Amino acid sequence: MTRSDLQAVRKEALASARDLIAEGDQKGEERRRWRFEIMDRANQHVLTVGFSEALDSETPG
């Protein structure tokens with residue numbers, strides 16, 4: 001994965017995390033400790049994105 005690929009994947013994961021946190025809030029579920037484990041095509045770990053990071057990065061980019 002290139003650096004730009006990782007940045008795009010991280011951005012998408014953060015947006016999804018924000019959605020899942022909001023959904024959890026509506027259902028009374030705590031999801032801020034959840035995380036995405038991003039794997040490449042060879043099933044090798046390349047990135048971890050904690051849902052709490054989504055709250056710290058509300059601004060796009």
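Residues numbered from 1 in each chain as written. Predicted model: local features only at pLDDT ≥ 70, side-chain atom pairs only at ≥ 80, totals over all residues. Heavy atoms only, no water.

Trainee: Is there a simple way to think about the pattern of salt bridges in this case?
Mentor: Between side chains of opposite charge, a pair can form as their charged atoms come close. For the structure shown, the criterion picks out seven salt bridges. Put simply, K27 and E23 hold a salt bridge, and the shortest N to O gap is 3.8 Å. Within this pair, K27 and its partner E23 are both found in helix α1 (residues 3–27), separated by four residues, close to a single helical turn. For K27, a relative accessible area of 54% puts it in the exposed group. Of the residues examined, E23 reaches a relative accessible area of 33% and is grouped as partly exposed. With a closest N to O distance of 3.6 Å, R32 and E30 form a salt bridge. R32 gets classed as partly exposed once you look at its relative accessible area, which sits at 29%. In the salt-bridge network here, residues are joined through shared partners; they are E23, K27, E29 and R31. (Salt bridge = Lys/Arg side-chain N within 4 Å of Asp/Glu carboxyl O. Helix = DSSP H or I, 4+ residues; strand = E, 2+ residues; numbered from the N terminus. Buried < 20%, exposed > 50% of the residue type's maximum accessible area, 1.4 Å probe, protein only.)

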